[in-house]
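Each chain is listed here by its residues.
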2 protein chains.
Amino acid sequence: MSPAPTTGPPVAVEDVRTVCCVGAGVIGGGWAAYFLAHGYDVVAWDPAPDAAERLAHLVDAAWPALTELGLAEGADRSRLRFEPDLATALADAQFVQESAPEDLELKIKLLADIDAHAPEGVVISSSTSGYGMSEMQGACATPGRTIVGHPFNPPYLIPLVEVVGGTETSPEVVAWTSDFFRHVGKSVITMEREVPGFIANRLQEALWREALHMVAEGEATVEQIDLSITDGPGLRWPIQGPMLTFHLAGGQGGMAHMLDHFGPSLKSPWTRLVAAELTPELRDAVVDGCDREADGRTIDQLVAERDAGVIAVLRALGKA
Amino acid sequence: MSPAPTTGPPVAVEDVRTVCCVGAGVIGGGWAAYFLAHGYDVVAWDPAPDAAERLAHLVDAAWPALTELGLAEGADRSRLRFEPDLATALADAQFVQESAPEDLELKIKLLADIDAHAPEGVVISSSTSGYGMSEMQGACATPGRTIVGHPFNPPYLIPLVEVVGGTETSPEVVAWTSDFFRHVGKSVITMEREVPGFIANRLQEALWREALHMVAEGEATVEQIDLSITDGPGLRWPIQGPMLTFHLAGGQGGMAHMLDHFGPSLKSPWTRLVAAELTPELRDAVVDGCDREADGRTIDQLVAERDAGVIAVLRALGKA
């Protein structure tokens, strides 16, 4: 376990009991459901007039799924409290997850407000889809405890959380937040560098923009785009990501053969996104990364794992 | 059933017994395995010196998966014949699937050779990853029967096939090929227009190029990129494609709310791909497409379907 944040009294990740969800829309409500199912007390705040009802609806909608996956001991929906006053909502928080609308000015001000009211040393994590904490923490009195903890919809089911600090975030807070999210069952990527959109959203956003271009140009319909993913590459991606997927597209030669064989396709107009220059350095970085990821597994072993995974997914979804 | 191609004697899709796989690498070999498992006689041709051995290896590697999914009556690996002479290989073909390397000059010449030797009226389908048939059919004597039938790796497991004709492809061949692939159990998208990379590869290629840029710039490692997909959005994509996924990101307001709320993010530097202009026409096309796809299902119903699907996938892959 990492040491607790240095900006206040120590709270070990396993001692957190109360989480405050600031913003209770689809993402904030999903976080609330997740923390409730993991046995936390959750206090939620949201300024929208119908926020409490929408939150109750979201938690109720998520609960059957969470129940099916298994609730933590003592987990109970009644341990959710909606609090109309922000300072009161934050009074008992030992961790804060902010999920306000994606509006930079709003987030800067809201994070400063949270920072003014959250107890000393409590980490303040933002669900922002793409802003760096460096852009958002400037108005905080103690910015060292503010950090991005970016989830995926629905936060109560998708494991990934991307953790990345801003220039003023303390390294201890980066370590503590990564530990905390792992402790509550998340799959954590701790980023070394702030990148707009982080990692998964950059990839997802490139795909989404290409799709919008295709609809705009009459090249494909919405339905064709979705079917092309759900019955195509989307079946591989829960098992092996885009890099390892292409490692297997090269046959026994793996990524090295794939880049040598399909490398010229990077010049093809297969997307509106101009390709990276396939320098020897980039080629080696990708090949070496795949080798590290394969971690001694042969191409045949990876093919067998992929096939078993795709079959399991096809069966699980009734597509086999 | 569509009428058979007009350029030769009629062969109903259900009467096809013998398939010729021209090119027997990862994709061609995968096709061979698929057709064998579905009870076809398969003749394979490939000019590489070790092609027969590599093909046998590929079919053996795929067979356990195909057996687990259920073989067609009479399906047998012994019904694969490797034939070193192209004309001989094509003599009995009732359907041809070409899966040669992604080299335009090579494909133009090879398709002309196939066209010269394949029996009259037999459809010639290309696995090309991105060339339009209009670019490739020019040297064929009877180009009307040439068409793109683009699979995904591995062709023996991933259902999607994108079918699209060139300017000289007959409409009957487009219909026949779509019917044939559906008859053998594939999920078919019949495209109205030739687009380089078709649909799924354009989406996948945008993601891949963004990933390469990120590695080149030191923004993410190969392992982080893969984990960001396998534990993140990749878990949703076998269930709901990128459009329907974002339909649910808008809460009860669906895609309309999502575009109004996140639309400004299209101006954010979340990918290197410049966004489409979000005109009212594009907005309406996307919203209307999602409504057609939802087909009367409410947001709550779609959320429940997605959640059930994600849980099934997590469990199937041992991630729950």
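Structure: see above.
Counting restarts for each chain, with residues numbered from 1 along the sequence as it is written. A letter from A marks each chain and a number from 1 marks each ligand, given out in the order of writing. Side-chain atom pairs in this predicted model are given and counted only at pLDDT of 80 or more, local residue features only at pLDDT of at least 70, and totals for whole chains, interfaces and linings cover all residues.

Turning our attention to the overall build of chain A. Comment: elements are numbered from the N terminus, with helices defined as DSSP H or I runs of at least four residues and strands as E runs of at least two. A count of helical and extended segments in chain A gives 12 helices and eight strands. Its C-alpha atoms put chain A at 60 × 45 × 40 Å along the principal axes. With C-beta atoms placed from the backbone, a residue is buried if 20 or more other C-beta atoms are within 10 Å of its own, exposed if 12 or fewer are, and partly exposed between those counts. Looking at chain A as a whole, 54% of its 320 residues are labelled buried. Looking at chain A alone, contacts between residues at least 24 apart form 68% of all its contacts between residues at least 6 apart. C-beta atoms are first placed from the backbone for all residues, and any pair lying within 7 Å is then listed as a contact.

With that out of the way, let us pick up helix H7 (residues 200-216) of chain B. Expected helix span is given by 1.5 Å per residue-to-residue step, counting one fewer step than there are residues. Taking 1.5 Å of rise per residue, 17 residues should cover 24 Å, and H7(B) covers 24 Å from first to last C-alpha, within 8% of that figure. Residue B:Gly218 follows H7(B) closely and has a positive phi angle near 70°.

Sheet strands associate in pairs through backbone hydrogen bonding, adopting either a parallel or an antiparallel arrangement. All names here are of chain A. Overall, mixed pairing links the eight strands, which are arranged S3-S2-S1-S4-S5-S6-S7-S8 in an open sheet. Every interior strand has two partners, whereas the edge strands, strand S3 (80-82) and strand S8 (187-190), have only one. Direction aside, the axes of adjacent strands within the sheet are offset by 25° on average. Where strand S4 (residues 95-98) and strand S5 (residues 123-126) come together, four bridges link them in parallel fashion. In this scheme, strands are said to pair when DSSP sees at least two bridges between them. As a rule, the C-alpha atoms of each element are fitted with a line to give its axis, helices using only the stretch in contact, and angles between N-to-C directions run from 0 to 180 degrees.

Once that is clear, we can look at the nonpolar core. With 201 residues, the main nonpolar core has A:Ala32, A:Val96, B:Ala32 and B:Val96 as its most contacted residues. For A:Ala32, the residues in contact, after removing those within four places along its chain, are A:Cys21, A:Ala24, A:Val42, A:Ala44, A:Leu55, A:Val59 and A:Leu80. As used throughout, a nonpolar core is a set of buried Ala, Val, Leu, Ile, Met, Phe, Trp, Tyr and Cys residues joined through C-beta atoms within 7 Å of each other.

The next thing to look at is the relation of the copies chain B and chain A. Residues reaching a pLDDT of at least 70 in both copies supply the C-alpha atoms on which the copies are superposed by least squares. Expressed as a screw operation, the relation of chain B to chain A combines 0.0 Å of axial shift with a rotation of 180°, fitting to an RMSD of 0.0 Å. Interpreted geometrically, this transformation is the action of a two-fold axis. An overlap of 100% is found between the interface residues of chain B and their copies at the interface of chain A, pointing to a shared contact surface.

Here the focus is the packing of helix H1 (residues 26-37) of chain B against helix H2 (residues 51-69) of chain B. All names here are of chain B. At a closest axis distance of 9 Å, the pairing of H1 and H2 adopts a crossing angle of 50°. On the basis of their axis angle, the class for H1 and H2 is oblique. The crossing of H1 and H2 is right-handed. Each of Val-26, Gly-29, Gly-30, Ala-32, Ala-33, Leu-36 and Ala-37 in H1 lies in contact with H2, whose residues at this interface are Arg-54, Leu-55, Leu-58, Val-59, Ala-62, Trp-63 and Leu-66. Partitioned by chemical class, the residues of the contact of H1 with H2 number 11 nonpolar, two polar and one charged. Should an angle lie under 35 degrees it is considered roughly parallel, over 145 roughly antiparallel, and from 65 to 115 roughly perpendicular; all remaining angles are considered oblique. We call a crossing left-handed when the near helix sits turned anticlockwise from the far one by less than a right angle, and right-handed when that turn is clockwise. Any residue outside Ala, Val, Leu, Ile, Met, Phe, Trp, Tyr, Cys, Pro, Asp, Glu, Lys and Arg is labelled polar, Gly included; the first ten of those are nonpolar and the last four are charged.

Next up on the list: the interface of chain B and chain A. Every contact between the two is made by 101 residues of chain B and, on the other side, 101 residues of chain A. Of all the secondary structure elements, the ones that give two or more residues to the side of chain B that touches chain A are H2, strand S8 (187-190), H7, helix H8 (222-230), helix H9 (242-247), helix H10 (254-262), helix H11 (280-294) and helix H12 (299-316) of chain B. The leading source of residues in the side of chain B that touches chain A is H7(B), at 17 residues. Considered class by class, the residues forming the side of chain B that touches chain A number 59 nonpolar, 24 polar and 18 charged.

All names here are of chain B. Every second residue of strand S4 (residues 95-98) is oriented toward a common face, with Phe-95 and Gln-97 on one face and Val-96 and Glu-98 on the other, all of them buried. Inspection of the sheet shows strand S1 (residues 18-22) paired to S4 by four bridges, in the parallel sense. Following the sheet pairing, Cys-21 is matched in S4 by Gln-97.

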